[in-house]
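Listed below are the residues making up each chain.
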Amino acid sequence: MNTAVEDVMRLFPVRPRLLALGEPTHGEDSLLQVRNQLFRHLAEHGGYRTIAIESDCLMGLIVDDYVTGGAGTLDEVMTRGFSHEWGAFTGNRDLVRWMRAHNDGRPPSEQVRFAGFDGPLEITSAASPRQALMALHADLSARVPGDLLPCTAETLDRLLGSDDRWTNPAAAMDPSQSIGRTPEARELRLLADDLVALLEMQDPRDDREQARLYGRTATGLLRYHYWMADTSPGRLSWLLGVRDAMMAANLLALADRGPTLVNAHNGHLQRDRSSMRLGDHDLQWWSAGAVVSARLHDQYAFLATALGTIPQHGVDVPPPDTLEGLLYALPEDHLVMDPDQVATLIGDAKPVPRVSPWYGYAPLDPAHVAALDGLVFVKGERHAPQAA
């Protein structure tokens, strides 16, 4: 794996401000260990100070407080600091433990930071905007005279009501179950917009990074809930687009802070337009990577990752006419290739993407190779010969 990290660094003689390392699935330890080693190298030799992963941006603040100041315990942080139950992944635990040890005794300017860049969203529900809205209001209450605030905390609390109404999982597929277009929700959208505007009216020399995160999250969640209540054919595309737009806004804010390694699913980081078929719906939207790349240009770089096998999830040896199959036939267990090398390997055949029996694995589309800055391939476990 150390050789793979060295090969990655050779692809970028000038370090991009956002280096995005994709993955075709979540939780595969071999990929997380490659990510961890790459971040350690970037932190120790490349001037990178932040790693951002596809996890709840507000929960990520808990992890950052731990790695920078030791707040809480490792067990608490792994439980409360990650969404999607990703605190259970060994690779994530190893990452947090190393970051805390690395930072111990170092001044803040030399410490590494952790960030989640996903919204507080799940596949079947979205969080209440309460945490983000109330935190933003509290921050502004400490900065400005009370008569400038567009509302009181009590007004927000009344309009928000019970959080259970916001997180109702039935709303994911049934718009009538969503409260995103109630009069209270519409008023909250206006108030959130005014709170964000008021924040931007304050002394530009002040540190507003975390307050801006609260503002982006509050407005993004309210927008997401609004479209959960929509009944038009564009509803699902709106939801997918809003989520990636929230991701992109968080990544651009991290880029402003300094060089960052980003780790997420290939589909969120790619430059090409994303697509999905869900039931009778063919959905298309622009990924976070596409949005960020258009803003940062050559300061954004995307390394996709492909896997050979995941036996524990039924992903067997890839067919030889697929992109992964061509890579699997090579002798190396770990490969780092530039786009020209991958294009040469594929040739003119343009094999169709591999179809996986496991929902969580998404093979690379050969048509996307031209938009990559590099490809990392991990062969995975070799299968033992079958007994006669």
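**Q** Would you mind showing me how to read empty space enclosed by the protein here?
**A** Throughout the structure, instances matching the rule amount to two cavities of 30 Å³ or more. In this structure, the largest cavity encloses a volume near 80 Å³. Every residue lining the largest cavity is listed: Glu23, His26, Gly27, Leu32, Arg35, Ile53, Glu54, Trp86, Phe89, Asn92, Asn263 and Ala264. Listing elements by their share of the lining of the largest cavity, those giving two or more residues are α2 (29–45), β2 (50–56) and β4 (260–265). For the lining of the largest cavity, the class distribution of residues is five nonpolar, four polar and three charged. In terms of lining residues, the second largest cavity is bounded by Leu21, Gly22, Glu23, Leu31, Val34, Arg35, Asn263, Thr305 and Val376. Taken together, the elements giving at least two residues each to the lining of the second largest cavity come down to β1 (18–23) and α2. Taken together, the residues that form the lining of the second largest cavity break down as four nonpolar, three polar and two charged.

**Q** How should helix α15 (residues 339–346) be read in this particular structure?
**A** Structural remark: α-helix, 3.6 residues per turn; residues separated by three or four positions point the same way. A side-chain oxygen of the first residue of α15 lies 3.0 Å from the backbone nitrogen of aspartate 340; this N-cap is aspartate 338. Looking at the residues trailing α15, positive phi occurs at glycine 347, about 70 degrees.

**Q** I would appreciate a short explanation of the sheet that holds strand β9 (residues 374–378) in the present structure.
**A** Adjacent strands of a sheet form backbone hydrogen bonds with each other and so pair up, either parallel or antiparallel. The seven strands are arranged β3-β2-β4-β1-β7-β9-β8 in an open sheet whose pairing can be described as mixed. Looking at strand neighbours, the two that pair on one side only are β3 (113–118) and β8 (334–337), the edges of this open sheet. For this sheet the average axis-to-axis angle between neighbouring strands, irrespective of direction, equals 25 degrees. Here β2 pairs with β3 via five bridges, running parallel. In the sheet register, alanine 52 faces β3, and the bridge partner there is alanine 115. The strands that α15 touches are β8 and β9; relative to β8, the one it contacts most, it runs at about 110 degrees.

**Q** Help me out: how do you make sense of the environment of serine 176 in this one?
**A** Summarising the element assignment, serine 176 is placed in the loop between α8 (163–166) and α9 (183–200). You can call serine 176 exposed: its relative accessible area is 60%. The spacing of serine 176 and arginine 93 is 83 residues in sequence and 40 Å in space, taken between C-alpha atoms. Within the local environment of serine 176, its side chain forms a polar contact with the side chain of aspartate 174, the two groups lying 2.6 Å apart.

**Q** Which parts of the structure should I look at to understand the packing of helix α7 (residues 153–160) against α9?
**A** Relative orientation and spacing of two packed helices are given, respectively, by the angle between their axes and the distance between those axes. Interhelical geometry of α7 versus α9 gives an angle of 145 degrees and a closest axis separation of 9 Å. Relative to α9, the crossing made by α7 is left-handed. Only Glu184, Glu187, Leu188, Leu191 and Leu195 of α9 make contact with α7, whose side of the interface consists of Thr155, Leu156, Leu159 and Leu160. Tallied by class, residues from the contact of α7 with α9 come to six nonpolar, one polar and two charged.

**Q** In this structure, what is going on with the side chain of histidine 265? I would like to understand it.
**A** Topologically, histidine 265 is positioned in strand β4. Dropping the residues within four chain positions of it, histidine 265 is found in contact with Glu23, Pro24, Thr25, His26, Glu54 and Ala362.

**Q** How should the pairing of β1 be read in this particular structure?
**A** The side chains of a regular strand alternate between the sheet's two faces. Judged by how many residues are buried, β1 sits mostly within the fold: six of six residues are covered. Burial along β1 is two-sided: the face carrying Leu18, Ala20 and Gly22 and the face carrying Leu19, Leu21 and Glu23 are both buried. Strand direction decides the pairing type here: β1 and β4, joined by six bridges, are parallel. Considered in β4, the bridge of glycine 22 is made with alanine 264.

**Q** I'm lost on the pattern of salt bridges in this one. Help?
**A** Two side chains of opposite charge can pair, provided their charged atoms sit close to one another. This structure, assessed with the given rule, holds 17 salt bridges. Between glutamate 200 and arginine 208 there is a salt bridge, with the nearest N and O atoms lying 3.7 Å from each other. Glutamate 200 gets classed as partly exposed once you look at its relative accessible area, which sits at 38%. For arginine 257, the salt bridge identified is with glutamate 209, shortest N-O distance 2.5 Å. Of this pair, arginine 257 sits in helix α11 (residues 235–257) while glutamate 209 sits in helix α10 (residues 209–228), placing them 48 residues apart in sequence. Arginine 257 gets classed as partly exposed once you look at its relative accessible area, which sits at 29%. Residue classification places glutamate 209 among the partly exposed residues on the basis of a relative accessible area of 37%. One network of salt bridges, in which partners are shared, links Glu54, Asp118 and Arg243.

**Q** What is the right way to read unusual backbone geometry from this model?
**A** Trans peptide bonds make up most of the peptide bonds, and negative phi angles are found at most residues other than glycine. A positive phi angle, close to 60 degrees, is found at histidine 84, a residue other than glycine. Following the sequence through the fold, histidine 84 ends up in the loop between α4 (74–80) and α5 (90–103). Of note in this structure, glutamate 85 is not a glycine but carries a positive phi near 65 degrees. Here glutamate 85 lies in the loop between α4 and α5.

**Q** Just checking my understanding: could you explain the layout of surface pockets for this structure?
**A** In this approach a probe as big as a water molecule rolls over the atoms, and the regions it shows empty are the leftover space. The space that makes up the second largest pocket amounts to roughly 430 Å³. For the second largest pocket, the lining is made up of 23 residues, of which Leu61, Glu209, Gln210, Leu213 and Arg257 are closest to its centre. Secondary-structure elements contributing two or more residues to the lining of the second largest pocket are α3 (60–69), β3, α10 and α11. Of the residues belonging to the lining of the second largest pocket, the class tally is 10 nonpolar, five polar and eight charged.

What counts and how
- Residues numbered from 1 in each chain as written.
- Predicted model: local features only at pLDDT ≥ 70, side-chain atom pairs only at ≥ 80, totals over all residues.
- Heavy atoms only, no water.
- 1 Å grid on protein atoms, 1.4 Å probe; cavity = no way out; pocket = protein on both sides within 12 Å on 5 of 7 lines; lining within 4 Å.
- Points joined across faces, edges and corners; volume = space filled by probe spheres on them.
- Helix = DSSP H or I, 4+ residues; strand = E, 2+ residues; numbered from the N terminus.
- Nonpolar A, V, L, I, M, F, W, Y, C, P; charged D, E, K, R; others polar.
- Polar contact = N/O pair within 3.5 Å; in protein donor to acceptor, adjacent residues only side chain to side chain.
- Pairing = 2+ DSSP bridges.
- Axes fitted to C-alpha atoms, helices over the stretch in contact; angles between N-to-C directions.
- Contact = heavy atoms within 4.5 Å.
- Buried < 20%, exposed > 50% of the residue type's maximum accessible area, 1.4 Å probe, protein only.
- Left-handed = near helix turned anticlockwise from the far one by under 90°.
- Salt bridge = Lys/Arg side-chain N within 4 Å of Asp/Glu carboxyl O.

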